[in-house]
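Each chain is listed here by its residues.
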Amino acid sequence: MKSSERAPLLFSQLALRELVLRNRIVISPMCQHAADEGRATDWHLVHLGKFALGGAGLIFTESTAVSPHGRIGVCDLGLWRDDQVAPLKRVVDFVHAQGAPIGVQLAHAGRKAGSQALWEGGRALTTEELRLADGTPWCRLGPSARAAGPEWSVPEALDDTGIAAIIEEFAAATRRADAAGFDAIDLHFGHGYLVASFLSPISNHRTDGYGGDRTGRMRLALEIAQRVRAEWPAGKPLFCRISAVDGAADGWSVADSVVLARELARCGVDVIDVSSGGLTEETRRLTVPRGLGFQVGFARQIREETGVVTQAVGLIVDGEQAEEVLQTGAADLIAIAREALNDPYWPRRARETLGLDPDYDAWPVRHGVWLAKREETMGQTLRQRRDVVRQRSQHAGDVGLTQGKN
Ligand SMILES: Cc1cc2nc3c(=O)[nH]c(=O)nc-3n(C[C@H](O)[C@H](O)[C@H](O)COP(=O)(O)O)c2cc1C
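## A short note on the overall build of the protein chain
On a plain count of helices and strands, the protein chain comes out with 13 helices and 13 strands. Its C-alpha atoms give the protein chain a radius of gyration of 22 Å, near enough to 22 Å, the size a compact globule of 406 residues would have. For the protein chain, the C-alpha atoms occupy an extent of roughly 70 × 55 × 40 Å along the three principal directions. Burial analysis of the protein chain (406 residues in total) assigns 46% to the buried set. In the protein chain, 72% of the contacts between residues at least 6 apart in sequence involve partners at least 24 apart.

## Points about the domain arrangement of the protein chain
Annotation of the protein chain at the domain level lists domain 1 (9-356) and domain 2 (357-406). Computed from C-alpha atoms alone, the centre-to-centre distance between domain 1 and domain 2 is 35 Å. Facing the 5 residues of domain 1 at the interface are 4 residues of domain 2. The residue makeup of the side of domain 1 that touches domain 2, split by class, is 2 nonpolar, 1 polar and 2 charged.

## Examining the nonpolar core
Formed by 97 residues in total, the largest nonpolar core has its most connected members in I59, I185, V195, A221, C240, A312 and I334. Here I334 is in contact with L10, R24, I25, V26, A312, I316, A322, V325 and L326, once residues within four sequence places are set aside.

## Some thoughts on helix α7 (residues 254-266)
Relative to the 18 Å expected for 13 residues at 1.5 Å per residue, α7 spans 18 Å between its end C-alpha atoms, a close match to the ideal helical length. For α7, every residue scored as buried is listed here: D256, S257, V258, L260, A261 and L264. Along its buried surface, α7 packs onto α6 (214-231), β10 (238-243), β11 (271-275) and α9 (296-306). One or two residues past the end of α7 sits G268, with phi positive at roughly 100°.

## Focus on the packing of α7 against α9
Packing of α7 against α9 brings their axes to within 9 Å, and their N-to-C directions diverge by 55°. Classed by the angle they form, the pair α7 and α9 counts as oblique. Here α7 and α9 pass one another in a crossing that is right-handed. Seen from α7, the contacting residues are V254, S257, V258, A261, R262 and A265; seen from α9, they are F298, Q301, I302, E305 and T306.

## A few points about the site of the ligand
Residues in close proximity to the ligand total 18 residues, the closest being S28, M30, S63, A337 and R338. Where the shell around the ligand is concerned, the elements lending two or more residues are β4 (58-65) and α11 (338-342). Its residues assigned to classes, the shell around the ligand shows 7 nonpolar, 7 polar and 4 charged.

## What about unusual backbone geometry?
Look at L315: it is not a glycine, yet its phi comes out positive at around 50°. Counting through the fold element by element, L315 comes out in the loop between β12 (309-313) and α10 (319-327). Classification of L315 as partly exposed rests on a count of 16 C-beta atoms within 10 Å. The residue D359 is not glycine, and still its phi comes out positive at about 55°.

## With respect to the pairing of β4
Residues in a regular strand project their side chains so that they alternate between the two faces of the sheet. For β4, the buried fraction is high: 8 of the 8 residues fall into the buried class. Direction of pairing for strand β3 (residues 25-27) relative to β4: parallel, over a ladder of 2 bridges. Looking at the pairing, V26 lines up with L58 of β4. In the sheet, β4 pairs with strand β6 (residues 102-107) via 5 bridges, with the strands oriented parallel. If you follow S63 over to β6, its bridge partner there is Q105. Here β4 pairs with strand β5 (residues 77-78) via 2 bridges, running parallel. Paired with A65 across the two strands is G78, which belongs to β5.

Calculation notes
Residues numbered from 1 in each chain as written. Predicted model: local features only at pLDDT ≥ 70, side-chain atom pairs only at ≥ 80, totals over all residues. Helix = DSSP H or I, 4+ residues; strand = E, 2+ residues; numbered from the N terminus. Rg over C-alpha atoms; globule rule 2.2 N^0.38 Å. Buried ≥ 20, exposed ≤ 12 C-beta atoms within 10 Å, placed from the backbone. Contact = placed C-beta atoms within 7 Å. Domains from an automatic or database assignment. Nonpolar A, V, L, I, M, F, W, Y, C, P; charged D, E, K, R; others polar. Core = buried A, V, L, I, M, F, W, Y, C linked by C-beta atoms within 7 Å. Expected span 1.5 Å × (residues − 1). Axes fitted to C-alpha atoms, helices over the stretch in contact; angles between N-to-C directions. Parallel < 35°, antiparallel > 145°, perpendicular 65-115°, else oblique. Left-handed = near helix turned anticlockwise from the far one by under 90°. Near = placed C-beta within 6 Å. Pairing = 2+ DSSP bridges.

Given below as structure tokens:
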């Protein structure tokens, strides 16, 4: 890249409290259904470790339950018991050793607790399956006795004692997250899980202080955020994932999200991680139409109207697109999920797309030093070879298109 050109924002640092990210690329939380009674396994070490090798600025674990009742699936990660700390610390230590920070997504699945992994069908577990899942009774909890959809059982409506207990579960999980050495927390307040179900008028029919108008429906979110912030070291950032809209006309709206983001920031949340949908079967169908960067507009609106740091997510697929999201002021951070599964070295590829040199010095030394040496001796030959391959595949694509038209 020429020195006169502006350095891409995607590879600029961002300071969040005392945490300085090396770039703006965040690996989005991704459920793996691979934990053993909430404890991380070798799968998590490799799954998350490879993103650290891949050069991401920050890596988030999957949704990690604050209580066994808060698991999305039977084999989710958890931080509801002390023996779950050490296996996660092993992952954290490995990621740190590669020069990357790692955060944990803390969650309670609420009335959407207990579902199959996608490869098993992805449906809600029946009450009997929930009972048998791991030998302990497992119940669905919500703001009101309203099921998330026809296949879901009716949740138990939480009373004040139950709500207070969940807030304390978030606090205890936060202390364990700190003990495991995590650098950041992402509170999962989206996708129809417990807190999202309190926010939405579609699922929250309470008439007490945790329901009714928007202020009442936001109360649980704000109380959890305040409690977690009080437990979480002042130098470590707090993210919060929200569903900016339910996707139904009478549901939670982006205007509501703007108000929530402002209030969360007042509670000490540093980044609003902007997703959407997931509340009910109905809104799952009605949700925002999918397309490249389909949720970026929500991040932009929240950022513009509140001044809060935002993270954009959803079908952001290459470096150029990510850079445009940052350059146009829609977000400060870019979260990548499926493209990182497709290519854990996505940040390295994004550098290439944006015309930056590979910066092998910043790679883990066991890999970088070999690639730098090869570049020195064979760089020209390799680049020529890549150009030939690119031209051939371009040509094959053009021929394919022409034939498709005939
Ligand atoms: C395998 C998989 C698991 C996911 N699990 C979670 C999760 O635990 N928590 C969460 O907030 N989102 C989860 N998501 C959603 C992603 O974090 C992300 O928001 C979504 O996939 C859109 O981004 P993408 O287009 O880059 O994949 C998951 C997505 C995938 C593909």
